Amino acid sequence: MDERAALSVVGDAVSAAGDDCAVIDGLVATTDMLHETTDFPDGTTRYTAGWRAVGASLSDVAAMGAEATAALAIYASPSFEAAEIEAFLDGCLDVCAAVDCEYVGGDLDGHDEFTVSTTAIGRTDAPVYRSGATPGDAICVTGTLGRSGAAIRRFEAGEAERANELFRFEPRIAAGRALAPHASSMMDSSDGLARSLHQLSEASDCGMSVAYADVPVDDAVEAVATNPADIRELAIHFGEDFELVCTVPEESLAAAVETSPVALTPIGTVTDDGVRMDGEALSDRGFTHRSSAAGR
């Protein structure tokens, strides 16, 4: 059973599952687990691991249009080294500070590989779900795509300093809050743009049509890609960029673009059915935790 099939089992058993966070009485909550073999390539510093792990959960809070209030992390490793734990905590604290959230601790545990489990909590009275898109809405993304794919290539090339810089990202909490009054649906792009479009399509029972030329590709991608097809792969399918993918009614698009604190780029339109890029069916491929990050 692959990861997506396993998630379907969870969805069948837990009726509230399916969005980036659970929603409970004005609170949103999410949890994630990252492993050394699938999420932290050779050369990833403990500082970057702390930043990225907590940031991944904060990204889910952002996708709900919520204010981030607190985050926790479980640090598991075959051995405990003071310098590594301190660097990890610095990363956790700094990513929380970047989005005005409080890091409140967690747990330590022994494990056969370095593993991090994180939880983030936020607050909103008007969460944005994946299920509200309507034909005619604009499809938009924040920031740029392909940054994490470029980071992996830098790790593979032994360029750890630059790779770690690219691997750290600012969770789009402020953008999520700004977009919440305008967006009809929203999620983060952790599984890749293509898979995010398929997930929004399924949740909203509609189609998605986007233009590749409109997709904002990060400048770091071209520096590591081998050809145009490789650039497209890193930007569309690789995932782990933690940007926001949202749909916005046409009448609200101008206001959404103006109020977003980061670049918000329209890339297509919600349709009646199908997920297409440039008129062709877009493959539902993206990040999976069953594959090795270093080998993707």
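Residues numbered from 1 in each chain as written. Predicted model: local features only at pLDDT ≥ 70, side-chain atom pairs only at ≥ 80, totals over all residues. Heavy atoms only, no water.

Draft legend 1. Representation of the state of the cysteines within the structure. Tallied over the entire structure, the rule returns 0 disulfides. C140 takes part in no disulfide bond, and the closest cysteine sulfur, belonging to C246, lies 4.9 Å away. Among the residues examined, C140 registers a relative accessible area of 0% and is labelled buried. (Disulfide = S-S within 2.5 Å. Buried < 20%, exposed > 50% of the residue type's maximum accessible area, 1.4 Å probe, protein only.)

Draft legend 2. Quick peek at the UniProt feature "domain: PurM-like C-terminal" (unreviewed entry) in the chain. Here, UniProt's "domain: PurM-like C-terminal" (unreviewed entry) annotation points to residues 135–274. With 42% helix and 19% strand, residues 135–274 has end C-alpha atoms that lie 12 Å from one another. (UniProt positions renumbered as here; feature names shortened; annotations may be inferred. Helix = DSSP H or I, 4+ residues; strand = E, 2+ residues; numbered from the N terminus.)

Draft legend 3. Summary view of the domain arrangement of the chain. Annotation of the chain at the domain level lists domain 1 (3–123) and domain 2 (138–281). Here the C-alpha centroids of domain 1 and domain 2 sit 21 Å apart. Overall, the association of domain 1 and domain 2 removes approximately 2200 Å² of surface from exposure, summing both partners, and the carbon and sulfur fraction of that is 58%. Connecting domain 1 to domain 2 are 1 salt bridge. Ionic pairing is found between E240 and R52, a salt bridge with its closest N-O pair at 3.8 Å. Applying the counting criterion to the domain 1 and domain 2 interface returns 11 residue pairs in polar contact (both at pLDDT 80 or more). (Domains from an automatic or database assignment. Buried area = accessible area lost by both parts, 1.4 Å probe. Salt bridge = Lys/Arg side-chain N within 4 Å of Asp/Glu carboxyl O. Polar contact = N/O pair within 3.5 Å; in protein donor to acceptor, adjacent residues only side chain to side chain.)

Draft legend 4. Seen up close, the packing of helix α5 (residues 147–156) against helix α6 (residues 160–167). At their nearest, the axes of α5 and α6 sit 8 Å apart, and the two run at 160° to each other. By the angle between their directions, the pair α5 and α6 is classed as roughly antiparallel. Considering only the axes of α5 and α6, their crossing is left-handed. Across the interface between the two elements, R147, S148, A150, A151, I152, R154 and F155 of α5 pack against A160, R162, A163, N164, E165, L166 and F167 of α6. Of the residues belonging to the contact of α5 with α6, the class tally is 8 nonpolar, 2 polar and 4 charged. (Axes fitted to C-alpha atoms, helices over the stretch in contact; angles between N-to-C directions. Parallel < 35°, antiparallel > 145°, perpendicular 65-115°, else oblique. Left-handed = near helix turned anticlockwise from the far one by under 90°. Contact = heavy atoms within 4.5 Å. Nonpolar A, V, L, I, M, F, W, Y, C, P; charged D, E, K, R; others polar.)

Draft legend 5. Geometry of the pairing of strand β7 (residues 185–188). A two-sided burial pattern is seen for β7, the buried positions comprising S185 and M187 on one face and M186 and D188 on the other. Sheet topology note: the β7/strand β9 (residues 244–248) ladder contains 4 bridges and is antiparallel. What sits directly across from M187, in β9, is V245. (Pairing = 2+ DSSP bridges.)

Draft legend 6. Here's a closer look at the sheet that holds strand β4 (residues 102–110). Strands sit in the order β1-β2-β5-β3-β4 across an open sheet of 5 strands; the sheet is mixed. Edge positions in the sheet fall to β1 (22–24) and β4, since each of these pairs with one other strand and no more. Here the strands of the sheet are splayed against their neighbours by 20° on average, with no regard to which way each runs. Relative to strand β5 (residues 115–123), strand β3 (residues 67–77) runs antiparallel, the two sharing 9 bridges.

Draft legend 7. Highlighting helix α3 (residues 46–63). With 18 residues, α3 extends 26 Å between its outermost C-alpha atoms, agreeing within 8% with the 26 Å of an ideal straight helix rising 1.5 Å per residue. At A56, α3 is bent by approximately 25°, the largest bend along its length. With respect to burial, α3 is a largely interior element, 17 of its 18 residues being buried. (Expected span 1.5 Å × (residues − 1). Bend = angle between axes of the 7 residues up to and from the residue.)

Draft legend 8. Representation of the UniProt feature "binding site: ATP" (unreviewed entry) in the chain within the structure. UniProt records the feature "binding site: ATP" (unreviewed entry) at G106, D107, R130 and S190, using the numbering of this structure. Sequence-wise these annotated residues cover 85 residues; spatially they are dispersed, their C-alpha atoms as much as 31.6 Å apart. Contacts of G106, omitting those with residues within four sequence positions, involve L72 and A73. Residue position: R130 is located in the loop between β5 and β6 (138–142).

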